[in-house]
Amino acid sequence: MIQRVLTAAVGLPVLVAAVWWGGGWLTVLAAMAGVLGIREFYRLLPSGAGSLPIALGAFWAAALIFGGQASGPVSFLTISAVILAAGVFLSLLWLIAVYQGGRPLLALAYLLGGGVCIGFLLAHGVALRELGGAGDLGRDWLLAALLAVFATDTGAFFTGRAVGKHRMAPNVSPNKTWEGAAGGFCCAVISVLAVGQILDLGIPVWQQAVVGASVGVASQAGDLLESKLKRISSVKDTGSIIPGHGGIMDRLDSIVVSIPTVYYLVGAVFKP
């Protein structure tokens, strides 16, 4: 716990500063996280999937993240579609010309999955920061989304330890309980509403609550999905680069699912 708190005390100011300043600062930080996450993702490959080129996956993920920054007046999804198509082409080329391991379709699926699950989903964070152009709307919503993810994680942890009795998914993550999940869900809603009282999020309070509730569900779903991948691969953490927290993927699992949820809800559904 001490390691977790000390790491958060150092890492959170860096993250908040990058979100606040935006531009290249956030993009570079996201690209670094994406490249490190790709490396950890490919460590979770099941036996027989073959040796995948981390460099190709890292380049693909970084291209998607920088594409989110460069979207500007062009649709983020349009740029992402072009990069995804190029990534699929290069992956097929690698499979045909270079790959010599077993189970080629599984190897291809993991190569493509790394770029999509990390690069494309993480790029939504950069695109969300650009929401509303040069104004503060994108910055405020990205801060609200990240805070909601952290609030979900923290609320679920402490609520589960205090009153958790009913296990939610014992075969996937034995320590998670339904009580903890409810606590995390409530904390997500409260955190977004709290940010809405401080910053101008541009939508009514009930819509802010819907966004918070969506993050409360998506965040925990992403955590469970990564726990399942770790179970399949028989590892406890994806890495050890973050003291007290594990690997980059152990921190990104909830973020890469929650940020796109906020991006589409705010940008396409509620439209502040």
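Draft legend 1. The arrangement of the overall build of the protein in detail. When helices and strands are tallied, the protein shows nine helices and two strands. Listing the helices and strands of the protein from first to last along the sequence gives α-α-α-α-α-α-β-β-α-α-α. Looking at the protein as a whole, 47% of its 272 residues qualify as buried. Restricting the contact set of the protein to residue pairs at least 6 apart, pairs at least 24 apart contribute 72%. Element-wise, carbon and sulfur atoms account for 70% of the exposed surface of the protein, whose accessible area totals about 13100 Å².

Draft legend 2. Representation of the packing of helix H6 (residues 137-163) against helix H9 (residues 248-270) in the model. Between H6 and H9, the shortest axis-to-axis distance is 10 Å and the interhelical angle comes to 135 degrees. One way to sum up the angle between H6 and H9 is to call them oblique. The two elements H6 and H9 meet at a crossing, and its hand is right-handed. Contact residues: H6 offers Trp-141, Leu-142, Ala-145, Leu-146, Val-149, Phe-150 and Asp-153, while H9 offers Arg-251, Ser-254, Ile-255, Ser-258, Ile-259, Val-262 and Val-266.

Draft legend 3. Here's a closer look at the nonpolar core. Ile-65, Leu-128, Trp-141, Leu-142, Val-211, Ile-259 and Val-262 are the most contacted members of the largest nonpolar core, which has 42 residues in total. It is H9 that provides the largest number of residues to this core, a total of ten residues. In contact with Leu-142, other than residues within four places in its own chain, are Val-19, Leu-26, Gly-125, Leu-128, Arg-129 and Ile-259. Residues Ile-38, Ala-61, Tyr-99 and Leu-111 belong to the second largest nonpolar core, which totals 15 residues.

Draft legend 4. Up close: the pattern of salt bridges. Under the criterion given, the structure shown has three salt bridges. Residue Arg-139 is joined to Asp-136 by a salt bridge in which the shortest nitrogen-to-oxygen separation is 3.6 Å. Here Arg-139 falls in the buried class, since its relative accessible area comes to 9%. A salt bridge links Asp-223 to Lys-176; the shortest N-O distance between them is 3.0 Å. Placement of Asp-223 in helix H8 (residues 205-233) and of Lys-176 in strand E2 (residues 173-177) is noted, with a sequence separation of 47 residues between them.

Draft legend 5. Seen up close, the side chain of Arg-139. Mapped onto the elements, Arg-139 comes out in helix H6. Ignoring anything within four residues of it in the chain, the contact list for Arg-139 reads Val-19, Trp-20 and Arg-129.

Draft legend 6. Spatial organisation of the packing of aromatic side chains. All chains considered together, the criterion is met by seven aromatic pairs. Between Trp-21 and Trp-25 the ring centres are 5.7 Å apart and the planes differ by 55 degrees, which places this aromatic pair in the tilted class. On the accessibility criterion, Trp-25 (60% relative accessible area) is exposed. Taking 5.0 Å as the distance between ring centres and 80 degrees as the angle between the ring planes, the aromatic pair formed by Tyr-263 and Tyr-264 counts as edge-to-face. For Tyr-263, a relative accessible area of 15% corresponds to the buried category. Feature note: the residues Phe-76, Phe-120, Tyr-263 and Tyr-264 constitute an aromatic cluster, connected by ring pairs. The ring of Trp-20 has Arg-139 lying over it, and the distance from NZ or CZ to the ring centre is 3.7 Å.

Calculation criteria
Residues numbered from 1 in each chain as written. Predicted model: local features only at pLDDT ≥ 70, side-chain atom pairs only at ≥ 80, totals over all residues. Heavy atoms only, no water. Helix = DSSP H or I, 4+ residues; strand = E, 2+ residues; numbered from the N terminus. Buried < 20%, exposed > 50% of the residue type's maximum accessible area, 1.4 Å probe, protein only. Contact = heavy atoms within 4.5 Å. Areas by Shrake-Rupley, 256 points an atom, 1.4 Å probe, with all protein chains shown as cover. Axes fitted to C-alpha atoms, helices over the stretch in contact; angles between N-to-C directions. Parallel < 35°, antiparallel > 145°, perpendicular 65-115°, else oblique. Left-handed = near helix turned anticlockwise from the far one by under 90°. Core = buried A, V, L, I, M, F, W, Y, C linked by side-chain atoms within 4.5 Å. Salt bridge = Lys/Arg side-chain N within 4 Å of Asp/Glu carboxyl O. Phe/Tyr/Trp six-rings, centres within 6.5 Å; stacked < 30°, edge-to-face > 60°. Lys NZ or Arg CZ within 6 Å of the ring centre and 35° of its normal.

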